[in-house]
Amino acid sequence: MIVNRQPPLVGIEESKAWIWLICGHDQRWPSAVRRFVPDLIPQHDSVEVRVCDPTDTPGVLIKQSRAIVLWQIEPENLGQWCERIAKTSLAHPGVLQLAATSELAELSPLEQSAISELGVSAILRHIEQLPKLANMIRAYFVVS
């Protein structure tokens, strides 16, 4: 799904849209991102929302200098998630990384700190928290 806040510009390819990757298997977060993304991006930008398997993320990001990745973290496999986040931070330092957990799975303060240190800018538990990141996400689009 591509959300475009402007009519198509002549000479600009659709593939030049920003990418918002949702990595995981829970369908709540893709629905939430699609619902809120028009209010989260600046007026003149467009975003392609993609759902992918976490193991496919490096391949999707190869040609992207800027993107948003929402990791759907499963606390029981936290080591694997930390490795994916760290590798993404090293290989693609311009990517804005967010983490989401299920409403039932709570990360300890130590786990939250570790994920943040590896490059995650925000950790979400509830879909309703996504619109609260509007200023950070808009600033990311403007700066990038």
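Note: the structure precedes this text.
The rules behind the values
- Residues numbered from 1 in each chain as written.
- Predicted model: local features only at pLDDT ≥ 70, side-chain atom pairs only at ≥ 80, totals over all residues.
- Heavy atoms only, no water.
- Helix = DSSP H or I, 4+ residues; strand = E, 2+ residues; numbered from the N terminus.
- Buried < 20%, exposed > 50% of the residue type's maximum accessible area, 1.4 Å probe, protein only.
- Contact = heavy atoms within 4.5 Å.
- Areas by Shrake-Rupley, 256 points an atom, 1.4 Å probe, with all protein chains shown as cover.
- Pairing = 2+ DSSP bridges.
- Right-handed = clockwise from strand over helix to strand, strands pointing away.

S.K.: Would you mind showing me how to read the overall build of the protein chain here?
M.R.: Scanning the protein chain for helices and strands turns up five helices and six strands. In the protein chain, the succession of helices and strands from N to C terminus is β-β-α-β-α-β-α-β-α-β-α. Residues counted as buried form 43% of the 144 residues belonging to the protein chain. Here the contacts in the protein chain between residues at least 6 apart in sequence split such that 77% fall between residues at least 24 apart. By element, 53% of the accessible surface of the protein chain is carried by carbon and sulfur atoms, the whole surface being about 7,900 Å².

S.K.: What is the right way to look at the pairing of strand S4 (residues 67–72) in this model?
M.R.: A regular strand carries its side chains on alternate faces of the sheet. The buried count for S4 comes to six of six residues, which makes it a mostly enclosed element. Residue alternation in S4 divides its side chains into two sets, Ala67, Val69 and Trp71 and Ile68, Leu70 and Gln72, and both sets are buried. In terms of strand pairing, strand S2 (residues 18–23) meets S4 through five bridges, oriented parallel. Bridge assignment links Leu21 to a residue of S4, and that residue is Val69. Here five bridges tie S4 to strand S5 (residues 96–100), and the two strands are oriented parallel to one another. Note that in S5 the partner of Leu70 across the bridge is Leu98. With respect to chirality, the unit in which S4 leads through helix H3 (residues 78–91) into the neighbouring parallel S5 is right-handed.

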